Each structure stands twice: as C-alpha cells, then as structure tokens.
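# Inside the fold
In case you want the letters, here they are:
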Amino acid sequence: QQPVQSPQAVILREGEDAVINCSSSKALYSVHWYRQKHGEAPVFLMILLKGGEQKGHDKISASFNEKKQQSSLYLTASQLSYSGTYFCGTDFPQGGSEKLVFGKGMKLTVNP
Amino acid sequence: NAGVMQNPRHLVRRRGQEARLRCSPMKGHSHVYWYRQLPEEGLKFMVYLQKENIIDESGMPKERFSAEFPKEGPSILRIQQVVRGDSAAYFCASSLTGGTMTGYTFGSGTRLTVV
C-alpha cells in the first residue's frame, strides 16, 4: 500500500518549476508532504484532507484530486534551498491505519 | 520549544550487542512514531505508541525489536543482538493528535552502524 511517487529525481536550474506526483490505487484519507535535506530530519510542508483541495504557501503548493487517489506538489520558481528529497505520506480511511506510509521520495537538485 | 529530541545522534554497535534509541516528543505531544530509513530509500513505518500503549507495531520485526513509551520519560526503541542489516537511520516523530489529521514533527534521527 505504499504510494507511488514520480518522477524519482529531477535536476533544475534556479527559477524553473517542478511537479511531484503521488499516486495510490485506492482512495486515501489524507496526504502529507515532507522535505528532507541530506542528513537531516524530514520537515512537514503541508497536509491535504479533502478531495479537490488545493493549498499552498509562497511558491510551494499542492493539490488532491477529487477521487483522493492522487496528489501533486508544485514548486514554482525554484530556489537553491528547495533541493532535497520530497516524500508523500498517506493513509487510508475505514478503520484508520493511524500512521503514515511514505513513498520512496523524489530527489530534487536545484543548481545555480 | 526544543522540538523532537533523539539521542544519540550516532551509535556504533558490534554484532550481538544491544542498541537503545531514545526519543523525547515535542512538549504536549503524546503520540510517537518510529521509522527506519536506509540510504537512498524512503521512511519505513515501524511502530506507533501513545503513553504506556503500543497502538500499532505492524512494521516492527517480531524478534529482537521492542518499543516502549512509559508514563514518564522518553520513548525507547530497543534492538537486541544487532546484526549488520540493522544499520540504518532511525527517526522518531511526534504529533499532537493521533491519526494523520495533523503533521508529524520529526527528530534528527539516530544513525546506527553495526560493525
């Protein structure tokens, strides 16, 4: 039941945009997005709970499709500080697994 | 607010020894999760605990691994008779409420090396 993330890795130049996808074969209860820099702790970015939801802050935003089977994270006008590995974490409704299952991550490298 | 505190940051153990990893959640958080991460891989769920209770240990190997979160003190992940395959980064996370309606706050992890 691990979500599938794509692409696996992206290299950008500063100012370029990126989209990271997170998919599940079954409807999800929630989707979390985290960023982890090398050797550091994952840092919470945002959570989506409702189908059709979109939210964001600054130049990082995310969406959750109506069927709640796919979420996308949008990085606009990327900065060097955006480099890291992005993970989505998901769980399923009905009886609540009550813990997040993470995808394998997407490694983003932003170059000057 | 000190955040989630994990110690030690690095731990080296010889094969057959015991490893004890500690996690103090954020102040006010009573839900703790342990995850294991291998190099270049994602976070694998191990166990979810509340104070004095194990809620879900479905990701934890049945032998050699145990976890607790006592009424007082930090949560402990204990690995007995460590083997080389136990080498990994172990992250602890805490949340204010149970379930997944709020984000997790992760600690900086303990990097276990078994030699």
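Here's what I pulled together on the structure shown here. Bear in mind that the values here come from a model prediction, so they are computed numbers and not experimental data.

### Digging into the overall build of chain A
- Tallying secondary structure elements over chain A gives zero helices and eleven strands in all.
- Traced from its N-terminal end to its C-terminal end, chain A shows the element sequence β-β-β-β-β-β-β-β-β-β-β.
- Relative to the 2.2 N^0.38 estimate, which gives 13 Å for 112 residues, the radius of gyration of chain A is 14 Å and therefore close to what a compact globule would have.
- If one aligns the C-alpha atoms of chain A with their principal axes, the spans along those axes are about 45 × 30 × 20 Å.
- Counting only residues that meet the buried cut, chain A has 46% of its 112 residues in that class.
- Put simply, of all contacts in chain A between residues at least 6 apart along the chain, 56% involve residues at least 24 apart.
- Put simply, chain A shows about 5,500 Å² of open surface, and 50% of that area lies on carbon and sulfur atoms.

### Quick look at the interface of chain B and chain A
- Counting residues at the interface gives 23 residues for chain B, matched by 22 residues for chain A.
- Summed over both partners, the interface of chain B with chain A buries about 1,700 Å², with 57% contributed by carbon and sulfur atoms.
- Summed over the shared surface of chain B and chain A, the number is one salt bridge.
- A salt bridge links Lys99(A) to Asp56(B), with the shortest nitrogen-to-oxygen separation between them at 3.0 Å.
- Run the count over chain B and chain A and you get six residue pairs in polar contact (both at pLDDT 80 or more).
- Secondary structure elements with two or more residues in the side of chain B that touches chain A: β4 (31–37) and β5 (43–50) of chain B.
- The leading source of residues in the side of chain B that touches chain A is β5(B), at four residues.
- Residues belonging to the side of chain B that touches chain A are distributed by class as follows: nine nonpolar, nine polar and five charged.

### Section: the pattern of salt bridges
Residues and elements named next belong to chain B.
- By the definition in use, this model includes five salt bridges over all chains.
- Close ionic contact of Arg64 with Asp86 constitutes a salt bridge, the shortest N to O distance being 2.7 Å. Placement of the pair is Arg64 in the loop between β6 (53–56) and β7 (65–68) and Asp86 in the loop between β8 (75–79) and β9 (88–95), with a sequence separation of 22 residues.
- What emerges from the salt-bridge pattern is a single network uniting Glu18, Arg20 and Arg78.

### A few points about unusual backbone geometry
- Omega for the peptide link from Ser6(A) to Pro7(A) comes to -10 degrees, which places this bond in the cis form.
- Within the secondary structure, Pro7(A) sits in the loop between β1 (4–6) and β2 (9–13).
- Following Asn7(B), the chain continues into Pro8(B) via a peptide bond in cis, with omega recorded as 0 degrees.
- Mapped onto the elements, Pro8(B) comes out in the loop between β1 (5–7) and β2 (10–13).
- The backbone phi angle of Ala77(A) is positive, close to 50 degrees, even though this residue is not glycine.
- Residue position: Ala77(A) is located in the loop between β8 (70–75) and β9 (84–91).
- Not every positive phi belongs to a glycine, and Arg64(B) is a case in point at roughly 75 degrees.

The rules behind the values
- Residues numbered from 1 in each chain as written.
- Chains lettered and ligands numbered in written order.
- Predicted model: local features only at pLDDT ≥ 70, side-chain atom pairs only at ≥ 80, totals over all residues.
- Heavy atoms only, no water.
- Helix = DSSP H or I, 4+ residues; strand = E, 2+ residues; numbered from the N terminus.
- Rg over C-alpha atoms; globule rule 2.2 N^0.38 Å.
- Buried < 20%, exposed > 50% of the residue type's maximum accessible area, 1.4 Å probe, protein only.
- Contact = heavy atoms within 4.5 Å.
- Areas by Shrake-Rupley, 256 points an atom, 1.4 Å probe, with all protein chains shown as cover.
- Buried area = accessible area lost by both parts, 1.4 Å probe.
- Salt bridge = Lys/Arg side-chain N within 4 Å of Asp/Glu carboxyl O.
- Polar contact = N/O pair within 3.5 Å; in protein donor to acceptor, adjacent residues only side chain to side chain.
- Nonpolar A, V, L, I, M, F, W, Y, C, P; charged D, E, K, R; others polar.

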